[in-house]
Amino acid sequence: MRLTLQGHDERYLIETLALLFFPAAGFSDALDDGLFALSQLEGETAFTRITAQGKSCEAEDRRQEGEAPSAALARSFYRAGAALTGITPPWGTLTGIRPAKLVKHLLDGGLTPEQAAQQLERSCFTSKDKTLLCAQVLQGEQRALELLDRRAVSIYLGIPFCPSRCSYCSFVSHSVEKEGRFIPAYVEALLEEIHTLLPALCEAGIAVQTVYMGGGTPTTLSAQQLGSLLEAIGQYLDVGALSEFTVEAGRPDTITAEKLETILRCGAKRISVNTQTTDDDTLRRIGRTHSAQDFFDCYELARSLPFEVINVDLIAGLPGEPVESFCKSLCQVAQLRPENLTVHALSLKRAARLEYKDMERSRQGSNDIFSMLETTARVTREAGYSPYYLYRQRNTLGNLENVGYALPHTEGLYNVYIMGEYQSIVAMGAGGVSKVVGLPDGKIERVFHNKHFHEYIRDKEKLQRNTERLLSLLRQAQEAP
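This report concerns the structure included in the present document. Because the structure is predicted, anything quoted here is derived from the model rather than measured.

### Re the overall build of the protein chain
Then, number 1: A count of helices and strands for the protein chain gives 17 helices and 17 strands.
Then, number 2: Relative to the 2.2 N^0.38 estimate, which gives 23 Å for 481 residues, the radius of gyration of the protein chain is 23 Å and therefore close to what a compact globule would have.
Then, number 3: For the protein chain, the spread of C-alpha atoms along the principal axes amounts to about 65 × 55 × 45 Å.
Then, number 4: Of all 481 residues assigned to the protein chain, the portion counted as buried reaches 57%.
Then, number 5: Contacts in the protein chain between residues far apart in sequence, at least 24 positions, make up 72% of those at least 6 positions apart.
Then, number 6: Carbon and sulfur atoms make up 49% of the accessible area of the protein chain, which totals about 20400 Å².
Then, number 7: Treating the 51 positive side-chain charges of the protein chain as one cloud and the 60 negative ones as another, the clouds have centres 2 Å apart.

See the structure below:
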């Protein structure tokens, strides 16, 4: 898509909105895909013209009192895009990753969920269903907030390796086939960070409430490597006193009885077993090296062990997967009764994005994923699950959401605390982003590790600087009133 901006520089906003209607679009003046958009701001009036396949639609909107100009720009683009394509994204013009925070602000201001829905529908074209979903999520997270220790922190350990790279993947991960020889060096570097940072937290009197090991796929590591990392955690923390200890075991083709027993022995009682779909054709198409039966066998193995909570991930909108196949996967997983079920709307990574073909294909793709998530809401509700955390990623099909569902009293504390920014998160490992909350004036500060594991292993000086800055920020948060 070729974008022309006049009277403003909100390019990121306009690109994000364009993806609602043309999810496979790229943005470059050199593209010749038949897509053109003009976004203009003149005084209090925003104007948009979008052209696709020789057809054009125009729309304008006026800035309302107290609004930023970007709000009118967003509404005018949304109006034009919806008129041209027939797609009406249910989140309207909301593009942030934490829409529940906005709804919480409205509810805290005295509005009822119905009133909040009416206000967001007027100002952002958000559907009533999505606003009420946020209200349900806020209700679902209450148990986690009752247990929250705001002065404690949560720990994240990142394992950026997978047995193979899925075609849709938007996370920082590396296949064992290409990079597996570096796993021992990575484990050693992560152990070094654990042995540096955790005793410093203890010395500073900073308590740890939850620990989460994610990825990538942590069970790409051997049982011995997993054990060495988890045992290192236990050297400094009383894991039995943690509110929660989770290992995202991940793909069935990496999980063994020995690894699961190691995880349990080291004190983690929550795991994920993630298949994304139970359709074998889709699994092959997206590059997964396991079958649906492998998932069912692995789930049965995990269920035979004394884990307190098992989570299963599914993805709506996987390439080439029809609505019927997704719904079959959803029903099969719900029948297994995992304590937690997380359903993600597909997020397209830039490197894998398909080029735009036509409006009809975009419209059908949007309709399909809307249908998938509507079915998810119904099936989970009928099975006794409640939504308790919600977030969105950039480039998600239809600007839709990822939702965590839980059976009563099994909500994941870490998920709530990180998504709601209720507690500081200390992230270790390549690509880790620590986030310190509770600073004076309500500020939130982030500390970024090197994204690529090679740089994480080599750059000891940056790791040391990050550790010092993180500890300084955490002390400030501890001292804040």
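### With respect to the pairing of strand S2 (residues 35-42)
Then, number 1: Where strand S1 (residues 2-6) lies against S2, five bridges are found, and the strand directions are parallel. Of the residues in S2, the one forming a bridge with Leu-3 is Ala-37.
Then, number 2: One crossover worth recording links S1 to the parallel S2 by way of helix H1 (residues 11-21), and it is left-handed.
Then, number 3: Two elements, S2 and strand S3 (residues 45-52), share eight bridges in a ladder whose sense is antiparallel. Within S3, the position partnered with Leu-41 by the bridge is Ala-46.
Then, number 4: Connecting the antiparallel pair S2 and S3 is a turn made up of two residues, with Gly-43 showing a positive phi of about 65 degrees.

### Thoughts on the side chain of Ser-424
Then, number 1: Looking at the element boundaries, Ser-424 is found in strand S15 (residues 424-428).
Then, number 2: Of the polar contacts made by the side chain of Ser-424, one reaches the backbone nitrogen of Val-437; its length is 3.0 Å.
Then, number 3: For Ser-424, the contacting residues outside a window of four places in its chain are Ala-152, Val-153, Ser-154, Lys-435, Val-436, Val-437 and Leu-474.

### Things to note about the side chain of Arg-392
Then, number 1: Considering the arrangement of structural elements, one finds Arg-392 in the loop between strand S13 (386-391) and strand S14 (402-406).
Then, number 2: No salt bridge is formed by the buried Arg-392; the nearest opposite charge belongs to Glu-401, separated by 6.4 Å.
Then, number 3: Engagement of the side chain of Arg-392 in a polar contact is seen with the backbone oxygen of Gly-96, the distance being 2.7 Å.
Then, number 4: Each residue touching Arg-392, except ones within four places of it in the same chain, is listed here: Trp-91, Leu-94, Thr-95, Gly-96, Ile-97, Pro-99, Asn-399, Leu-400 and Glu-401.

### As for the pattern of salt bridges
Then, number 1: Applying the stated criterion across every chain yields a total of 22 salt bridges.
Then, number 2: Between Glu-15 and Arg-11 there is a salt bridge whose closest N-O contact spans 3.0 Å. Taken together, the positions of Glu-15 and Arg-11, both in helix H1 and four residues apart, correspond to about one turn of that helix.
Then, number 3: What makes Glu-15 buried here is its relative accessible area of 12%.
Then, number 4: Here Arg-11 falls in the partly exposed class, since its relative accessible area comes to 32%.
Then, number 5: The partner of Glu-421 in a salt bridge is Lys-435, and the shortest N-O contact between them spans 3.2 Å. Of this pair, Glu-421 sits in the loop between helix H15 (413-420) and S15 while Lys-435 sits in strand S16 (residues 433-436), placing them 14 residues apart in sequence. Here the two residues Glu-421 and Lys-435 agree in accessibility, since each one is buried.
Then, number 6: Because the salt bridges share partners, they merge into one network encompassing Arg-98, Lys-101, Glu-421, Lys-435 and Arg-446.

### As for the packing of aromatic side chains
To describe a pair of aromatic rings, one takes the distance between the centres and the angle between the planes.
Then, number 1: Applying the stated criterion across every chain yields a total of 13 aromatic pairs.
Then, number 2: Ring centres of Tyr-78 and Phe-125 lie 5.2 Å apart, and the angle between their planes is 35 degrees; this geometry places the pair in the tilted category. Here Phe-125 lies in the loop between helix H4 (113-124) and helix H5 (128-140) and Tyr-78 lies in helix H2 (residues 69-85), a separation of 47 residues in the sequence.
Then, number 3: In this structure Tyr-78 comes out as buried when scored by relative accessible area, which is 7%.
Then, number 4: In this structure Phe-125 comes out as partly exposed when scored by relative accessible area, which is 21%.
Then, number 5: Between Phe-295 and Tyr-299 the ring centres are 6.2 Å apart and the planes differ by 50 degrees, which places this aromatic pair in the tilted class. Taken together, the positions of Phe-295 and Tyr-299, both in helix H12 (residues 292-303) and four residues apart, correspond to about one turn of that helix. The residues Phe-295 and Tyr-299 share a single accessibility class, namely buried.

### Some words on the packing of H1 against H2
In a packed pair of helices, the relevant descriptors are the angle between the two axes and the axis-to-axis distance.
Then, number 1: Between H1 and H2, the least distance of the axes is 10 Å, while the angle of their chain directions is 25 degrees. Between H1 and H2, the interaxial angle falls into the category roughly parallel. The element H1 and its partner H2 pack so that their crossing is right-handed. Contact residues: H1 offers Leu-13, Ile-14, Leu-17, Ala-18 and Phe-21, while H2 offers Ser-70, Ala-74, Phe-77, Tyr-78, Gly-81, Ala-82 and Thr-85.
Then, number 2: In the contact of H1 with H2, the residues fall into nine nonpolar, three polar and no charged.

Conventions and cut-offs
- Residues numbered from 1 in each chain as written.
- Predicted model: local features only at pLDDT ≥ 70, side-chain atom pairs only at ≥ 80, totals over all residues.
- Heavy atoms only, no water.
- Helix = DSSP H or I, 4+ residues; strand = E, 2+ residues; numbered from the N terminus.
- Rg over C-alpha atoms; globule rule 2.2 N^0.38 Å.
- Buried < 20%, exposed > 50% of the residue type's maximum accessible area, 1.4 Å probe, protein only.
- Contact = heavy atoms within 4.5 Å.
- Areas by Shrake-Rupley, 256 points an atom, 1.4 Å probe, with all protein chains shown as cover.
- Lys, Arg positive; Asp, Glu negative; His and termini not counted.
- Charge placed at Lys NZ, Arg CZ, Asp CG, Glu CD.
- Pairing = 2+ DSSP bridges.
- Right-handed = clockwise from strand over helix to strand, strands pointing away.
- Polar contact = N/O pair within 3.5 Å; in protein donor to acceptor, adjacent residues only side chain to side chain.
- Salt bridge = Lys/Arg side-chain N within 4 Å of Asp/Glu carboxyl O.
- Phe/Tyr/Trp six-rings, centres within 6.5 Å; stacked < 30°, edge-to-face > 60°.
- Axes fitted to C-alpha atoms, helices over the stretch in contact; angles between N-to-C directions.
- Parallel < 35°, antiparallel > 145°, perpendicular 65-115°, else oblique.
- Left-handed = near helix turned anticlockwise from the far one by under 90°.
- Nonpolar A, V, L, I, M, F, W, Y, C, P; charged D, E, K, R; others polar.

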